[in-house]
Amino acid sequence: MTVRQSMSSLRGRLQGGYRRARLWIGRRLDALEPAPRTARWIRRVSLAALLAAGAWTGVVGVNLRYGPLVDGLTGVAIVLVMFILATLVIWLAMGLAGFLRRYWTLTGFGAAGALVLLAGIYSMPPPFGIAVGFGLALGVVLLGAGIGLLRQRPRRPVAAGFALVPALALLVAAGYWTTLDGAGEDPVADLVALPDHDGGLFGQLLESGPYEVSHLTYGSGDDRRRAEFADNVAWQSDSVDARDMLTRPSGWRIDLRERWWGFGLDALPLNGRVWYPQDTQGDLPLVLVVHGNHDMMRFSDPGYAWIGEHLASRGHIVVSVDQNFLNGSIFGGINRENATRGWLMLKHLEAWREWRESPQHPLHGQADPDRVVLIGHSRGGEAVALAGAFNRLRHHPEDAAIGFDFDFGIQGVAAIAPVDGQFWPSSKPTPLEDTSYFVIHGGYDSDVSLFLGDRQYVRTQPDMDRGRFSASLYLHHANHGQFNTVWGDSDVGPAARFVLNRAPLISGPDQRRAGLLYLTGFVETALARPDSIPAYFCDPRAAGILLPETVYIARCDDGRRTVLADFEERLDVTQSNIPGLTLSGHDLALWKEDDVGLRGNTSRRQTGVFLGWHAADDDNERQPTYELTLDSAARAQLQPDSGTVLWFDLAQADQSPPEKDAENGESNDDEGNNDNKDANASDEDSALRDPIWVSIEIVDSHGNRSVRELADYATLNPPLPVRHTRLAPINQERYSSPTEPLLQSVAIPLPDFAADGVVIEELQTVRLRFDDSSEGVLIIERIALERGAPRRSVASGQ
């Protein structure tokens, strides 16, 4: 047989098999075909369910700003298109020309396909989206079948019952599930323990100031979408051409965006809503607040009245900057727009500098461009850092043809749950110089689920001698959206809010109260440029009951510390940043330097030392320790004295140390890893690890020694698990790991050890002892020494 004959024979067999398969499928489908009346009701109920789902999706998710009727009709149109596409896909896949006309099952399959596509809108991973889509579609089809069986003659109640009972069970269960918020117990709730004091002097930060507050808006004067920036403006601002900043994007998405807004990227408006104190004169600090990425048709700038009105009552001019036209929408987004967000902040400051000299302006001569604080949320959090960096430059780093000439007195930059790395100038992480920096982040942030602002924290250069400091705050039971009253408690959009695990969240007012306490304190401290950081920035316990009940973890740096070890650059794990200071580990199961990491495998761009141990099996075995040893040269350089404080930035890792080799008692290093969660841990495993207990031993050159517990100075929490959603598959798919390392700054005053006879001026050894924990892994990102540091009390809020 020739090759051609063989191919022809194979083709004949394949065609015959295809015909037999079609015949077999057709016979089975003929057997499934219901009575005509039942089929009609299946189609009616299925289509009605699709139309209702489309209308609901349109009302809560489309928001074309033409009213709910238009939004609902748009949603209906979307699901009809989805239904048609799903039907065509099935028709083509089956290859049966009469399928659409003959079989009621197509309606069910079409409904399932459309609902699966809708599940994609709800940000559900494909496996769960498919399950939900077909589950709902099956319920709808069975409901229609049951109604049809009851209405046909003769009635078939038994058969109808077999259809209606599972249908109602599926649909009622789905409806009931959407009303639930929780996902089981919250193990972190037992760790909440705030001191029972009134916060002392910090309480005044939450009090309104002496001024009555007025409100106005400025803008282009002809904004077709927003009356407050059209005829209602108190002052008309110029537009700016951002095409070069955005590298001149084009395409149908940009065209649709411009048609909707009524202006293009060559004429972006400078819109702002302003809160200001009445009956004041000149030189008021200027605070600009900017939102992040959200649906551009759900305007975000009104959501910061809580901070605007409060700061204005205390003598600040506050502007909530409108950048909704840079946000994403059903038209898509604009690539790498964050640099433009930061640049627009500086263009607003340019306008305010001009208005200061304009006698016609309502706030003529009042806003001081040399006393500026920028606050940004989400992408706005990175944007304000970019603005701080651009403010000191003369050219755009990626296009020197774009000149900068700003040079404003930006005294502070604050970020609320910021992104980091969506725009790095010339692919370089953004530095911040000569300004204070503060970042606040919620543990239940389901949008920016990584504590990315901590990366910017270490890229800021504090200098308390110039009044510059850095601080960060983590609030475990806070989310992303409640810092903006428009965004609310759903971090993934209103259509998918029922997927989120919102039960553990503190309330919106409580979350904003914590934000108000810290942002007010940051703004006023950054502007005042004092000689020390308020205590509650370094230890939230100092604020007492001023804070809502959750777990807080803080870092701070005043730039006065001498870094003993930051574990960067050097390959020798025994080498420190100070000549003559040696690092050593004894009987450790794990001792290595690595990136501290964020959730999952995301780099933190901060190197730390990982110290893992197993407790000694008997009293004769040496206990695991980690030591810093100073020779006389290092001691002479550091000059420790009675005012010296030792600082650690550290966290407990969510991993176990390598197991010991049973034969020789040594650790099996092959089992060590730098995962934020053990490899066999699942999202369901949300139990807390046992906390670790660390003792600090100080030894002087005369052999005098003293031991204190780290717990005497700070609460070292175990890794804090977060379950962002109510479904384990979504958690695993989208959020990867339930924990990430949460670094905190811990201050150890060395004079406390002098009470036991240790001569601090003769400091020789700082030893971390791990003999009170059976096992654990500790991450230390930085060790520093500060001379002459003020002693802070957390007992009274001073």
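Visitor: Give a detailed account of the overall build of the protein, specifying residues and quantitative values.
Guide: Helix and strand counts for the protein come out as 17 helices and 23 strands. For the protein, buried positions account for 55% of its 798 residues. Counted over contacts in the protein with a minimum sequence separation of 6, partners at least 24 positions apart contribute 78%. Accessible surface computed for the protein: about 33,500 Å², of which carbon and sulfur atoms make up 52%.

Visitor: Can you tell me about a nonpolar patch on the surface, naming the residues and giving the values?
Guide: A contiguous nonpolar surface patch, about 290 Å² in accessible area, is contributed by Met7, Leu10 and Leu14. Within the secondary structure, Leu14 is located in helix H1 (residues 3–32).

Visitor: Before we move on, can you summarise the packing of helix H9 (residues 305–313) against helix H13 (residues 508–528) with the specific residues and values?
Guide: Interaxial distance between H9 and H13 falls to 11 Å at its minimum, and their mutual angle equals 45°. Considered as vectors, H9 and H13 are oriented oblique to each other. Between H9 and H13 lies a crossing of right-handed hand. Contacts between H9 and H13 involve Trp306, Ile307, His310 and Leu311 on the former and, on the latter, Arg512, Gly515, Leu516, Leu519, Thr520 and Val523. When the residues that make up the contact of H9 with H13 are grouped by side-chain class, the tally is six nonpolar, three polar and one charged.

Visitor: Summarise helix H11 (residues 379–390); cite the residues concerned and give the values.
Guide: The terminal C-alpha atoms of H11, which comprises twelve residues, lie 16 Å apart, in line with the 16 Å expected from a rise of 1.5 Å per residue. Across the twelve residues of H11, eleven count as buried, placing the element largely inside the fold. Residues of H11 that are buried: Gly380, Gly381, Glu382, Ala383, Val384, Ala385, Leu386, Ala387, Gly388, Ala389 and Phe390. Against the buried residues of H11 lie strand S4 (284–290), helix H10 (338–356), strand S6 (367–377), strand S9 (410–416) and helix H12 (453–458).

Visitor: Can you lay out the side chain of Arg604 for me, pointing to particular residues and giving the numbers?
Guide: Within the secondary structure, Arg604 is located in the loop between strand S15 (590–595) and strand S16 (607–614). Within the structure, Arg604 has its side chain in polar contact with the backbone oxygen of Gly597 (distance 2.9 Å). With residues near it in sequence (within four places) discarded, Arg604 still touches Asp454, Arg455, Asp595, Val596, Gly597, Leu598, Pro741 and Leu743.

Visitor: Which residues make up the state of the cysteines, and what values do they have?
Guide: With the rule as written, the count across this model stands at one disulfide. Between the sulfur atoms of Cys538 and its disulfide partner Cys556 the distance amounts to 2.1 Å. Every disulfide takes its handedness from the sign of the S-S torsion; for Cys538 and Cys556 that torsion is 110°, giving right-handed. Here the residue Cys538 occupies a position in helix H14 (residues 535–538), and Cys556 occupies one in strand S12 (residues 552–557), the gap between them amounting to 18 residues. You can call Cys556 buried: its relative accessible area is 0%.

Visitor: Give me the lowdown on the nonpolar core, citing residues and values where you can.
Guide: Among soluble globular proteins, nonpolar side chains are generally buried collectively. Ranked by size, the top nonpolar core spans 74 residues in total, and within it Leu268, Val274, Leu286, Ile317, Trp352 and Leu374 carry the most contacts. It is H10 that provides the largest number of residues to this core, a total of nine residues. If we ignore the near neighbours within four places in the chain, the residues touching Leu268 are Ser239, Val240, Ala242, Phe263, Phe325, Leu326 and Leu344.

Visitor: An account of the sheet that holds strand S17 (residues 625–630) is requested, with residue identities and associated values reported.
Guide: Sheets are built from strands paired through backbone hydrogen bonds, the pairs being either parallel or antiparallel. Pairing in this open sheet of five strands is antiparallel, and the strands run S14-S17-S22-S19-S20 from one edge to the other. At either margin of the open sheet sits one strand with a lone partner, and together these are strand S14 (581–586) and strand S20 (705–709). In this sheet, neighbouring strand axes are inclined to one another by 15° on average, regardless of whether the strands run parallel or antiparallel. Two strands pair when backbone bridges link them, and strand S19 (residues 695–700) and strand S22 (residues 763–769) are joined in this way by six bridges, in the antiparallel orientation. Residue pairing in the sheet places Ser695 in a bridge with Arg769 of S22.

Visitor: For the pattern of salt bridges, give the residues involved together with the corresponding values.
Guide: Applying the stated rule across the entire model yields 45 salt bridges. Salt-bridge contacts for Arg468 lead to Asp434; the nearest nitrogen and oxygen are separated by 3.1 Å. Note that Arg468 is positioned in the loop between H12 and strand S11 (470–475) and Asp434 in the loop between S9 and strand S10 (436–442), a separation of 34 residues in sequence. The partner of Arg635 in a salt bridge is Glu762, with the nearest N and O atoms 3.9 Å apart. Separated by 127 residues along the polypeptide, Arg635 in helix H15 (residues 632–638) and Glu762 in the loop between helix H17 (751–754) and S22 bring together distant segments of the chain. Through salt bridges with shared partners, one network takes in Asp454, Arg555, Asp557, Asp558, Arg561, Arg604, Asp649, Glu781, Arg782 and Glu786.

Visitor: Lay out the pairing of S16 in plain terms, naming residues and giving numbers.
Guide: Most of S16 sits inside the fold, with eight of its eight residues counted as buried. By the alternation rule, side chains of S16 split into Thr607, Val609, Leu611 and Trp613 and Gly608, Phe610, Gly612 and His614, which are all buried. Examined bridge by bridge, S16 and strand S23 (residues 775–786) share six bridges and lie antiparallel to one another. Across the sheet, the residue bridging to His614 is Glu775, located in S23.

Visitor: How would you explain helix H8 (residues 252–261) if you had to name every residue and give the values?
Guide: Among the residues of H8, those classed as buried are Ile254, Arg257, Trp260 and Trp261. Seen from one end, H8 has its buried residues packed into an arc of 125°, which puts them on one side. Turned more than 90 degrees away from the buried face of H8, the exposed residues are Trp252 and Arg259. Of the residues one or two after H8, Gly262 is the one with positive phi, at around 90°.

Reading guide: rules and limits
- Residues numbered from 1 in each chain as written.
- Predicted model: local features only at pLDDT ≥ 70, side-chain atom pairs only at ≥ 80, totals over all residues.
- Heavy atoms only, no water.
- Helix = DSSP H or I, 4+ residues; strand = E, 2+ residues; numbered from the N terminus.
- Buried < 20%, exposed > 50% of the residue type's maximum accessible area, 1.4 Å probe, protein only.
- Contact = heavy atoms within 4.5 Å.
- Areas by Shrake-Rupley, 256 points an atom, 1.4 Å probe, with all protein chains shown as cover.
- Patch = residues over 30% accessible without salt bridge, like charges linked within 9 Å, V, L, I, M, F, W, Y side chains within 5 Å.
- Salt bridge = Lys/Arg side-chain N within 4 Å of Asp/Glu carboxyl O.
- Axes fitted to C-alpha atoms, helices over the stretch in contact; angles between N-to-C directions.
- Parallel < 35°, antiparallel > 145°, perpendicular 65-115°, else oblique.
- Left-handed = near helix turned anticlockwise from the far one by under 90°.
- Nonpolar A, V, L, I, M, F, W, Y, C, P; charged D, E, K, R; others polar.
- Expected span 1.5 Å × (residues − 1).
- Polar contact = N/O pair within 3.5 Å; in protein donor to acceptor, adjacent residues only side chain to side chain.
- Disulfide = S-S within 2.5 Å.
- Core = buried A, V, L, I, M, F, W, Y, C linked by side-chain atoms within 4.5 Å.
- Pairing = 2+ DSSP bridges.
- Arc of directions from axis to C-beta.

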